[in-house]
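Each chain, written out:
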Amino acid sequence: MDALDVTGLLVLWMGYGHREATGTSLAAIAVIGALAAAGHALYGNVDLGKGLLVAAPAIGGVLAGTSLQQRISERAVAAAFVVLLLASAAVLVF
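Residues numbered from 1 in each chain as written. Predicted model: local features only at pLDDT ≥ 70, side-chain atom pairs only at ≥ 80, totals over all residues. Heavy atoms only, no water.

Novice: Quick question: what am I supposed to make of the overall build of the protein chain here?
Specialist: Counting its secondary structure elements, the protein chain contains four helices and zero strands. Reading the helices (α) and strands (β) of the protein chain from amino to carboxyl end gives α-α-α-α. In terms of overall dimensions, the protein chain has a C-alpha envelope of 45 × 35 × 25 Å along the principal axes. Burial analysis of the protein chain (94 residues in total) assigns 13% to the buried set. Look at the contacts in the protein chain between residues 6 or more apart in sequence, and 57% of them connect residues 24 or more apart. Roughly 7,000 Å² of accessible area belongs to the protein chain as shown, and the carbon and sulfur atoms make up 74% of that amount. (Helix = DSSP H or I, 4+ residues; strand = E, 2+ residues; numbered from the N terminus. Buried < 20%, exposed > 50% of the residue type's maximum accessible area, 1.4 Å probe, protein only. Contact = heavy atoms within 4.5 Å. Areas by Shrake-Rupley, 256 points an atom, 1.4 Å probe, with all protein chains shown as cover.)

Novice: Quick question: what am I supposed to make of the confidence of the model for the protein chain here?
Specialist: Low pLDDT marks stretches whose predicted atomic positions should not be read closely. In the predicted model, the protein chain carries a mean pLDDT of 85, and the fraction of residues at 70 or more is 96%. Here helix H1 (residues 3–12) stands out as the least confident element of the protein chain, with mean pLDDT 75; helix H4 (residues 74–93) is the most confident, with 88. (pLDDT = per-residue confidence, 0-100.)

Novice: Please clarify how a nonpolar patch on the surface should be interpreted in this entry.
Specialist: Together, Leu12, Trp13, Met14 and Tyr16 give the surface a local cluster of nonpolar side chains, amounting to about 560 Å² of exposed area. Here Met14 shows up in the loop between H1 and helix H2 (18–42). (Patch = residues over 30% accessible without salt bridge, like charges linked within 9 Å, V, L, I, M, F, W, Y side chains within 5 Å. Salt bridge = Lys/Arg side-chain N within 4 Å of Asp/Glu carboxyl O.)

Novice: I tried to follow the packing of H2 against helix H3 (residues 48–71) on my own but got confused; where do I start?
Specialist: Two quantities define a packed helix pair, namely the angle between the helix axes and the distance between the axes. Contact geometry of H2 with H3 gives a least axis separation of 11 Å together with a crossing angle of 170°. In terms of their interaxial angle, H2 and H3 are classed as roughly antiparallel. Residues His18, Arg19, Thr22, Gly23 and Leu26 of H2 form the contact with H3, whose participating residues are Val62, Thr66, Gln69 and Gln70. Among the residues forming the contact of H2 with H3, the class breakdown is two nonpolar, six polar and one charged. (Axes fitted to C-alpha atoms, helices over the stretch in contact; angles between N-to-C directions. Parallel < 35°, antiparallel > 145°, perpendicular 65-115°, else oblique. Nonpolar A, V, L, I, M, F, W, Y, C, P; charged D, E, K, R; others polar.)

Novice: Help me out: how do you make sense of H4 in this one?
Specialist: Three or four residues apart is the spacing at which side chains of an α-helix point the same way, because the helix has 3.6 residues per turn. Relative to the 28 Å expected for 20 residues at 1.5 Å per residue, H4 spans 29 Å between its end C-alpha atoms, a close match to the ideal helical length. All buried positions along H4 are accounted for by Val77, Ala78 and Phe81. Buried residues of H4 fall within an arc of 95° about the axis and therefore sit on the same side. Away from its buried face, by an angle of more than 90 degrees, H4 presents the exposed residues Arg75, Val83, Leu86, Val91 and Val93. (Expected span 1.5 Å × (residues − 1). Arc of directions from axis to C-beta.)

Novice: Where do I start with the environment of Pro57 in this structure?
Specialist: Structurally, Pro57 can be placed in helix H3. Given the relative accessible area of 53%, Pro57 is considered exposed. With 31 residues separating them along the chain, Pro57 and Leu26 place their C-alpha atoms 14 Å apart.

Novice: Please explain the side chain of Gln69 as it appears in this structure.
Specialist: Its location among the elements puts Gln69 in helix H3. Overall, the relative accessible area of 8% leaves Gln69 in the buried class. Once residues lying within four places of it in the same chain are set aside, the contact partners of Gln69 are His18, Arg19, Thr22, Gly23 and Val77.

In structure tokens, the structure reads:
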């Protein structure tokens, strides 16, 4: 299950607004990712330098995306989500 699935379920089944669903989904991904990285680090499977190289832009993207979605209308957030879902479906089909 990825972020699109979680966000969609929060909107459709739980009645969350798109902003709240996106924020909740991003928070869940951050917690799950941190716990998974810590677990793998315990087994010695994490190269700290490469991990930071991946984590830094990911954190920047989360902060930038969250800031952007707060500045645009709820309708625009919903429309962007629909476009992203359709693009994902097209990639899966073709």
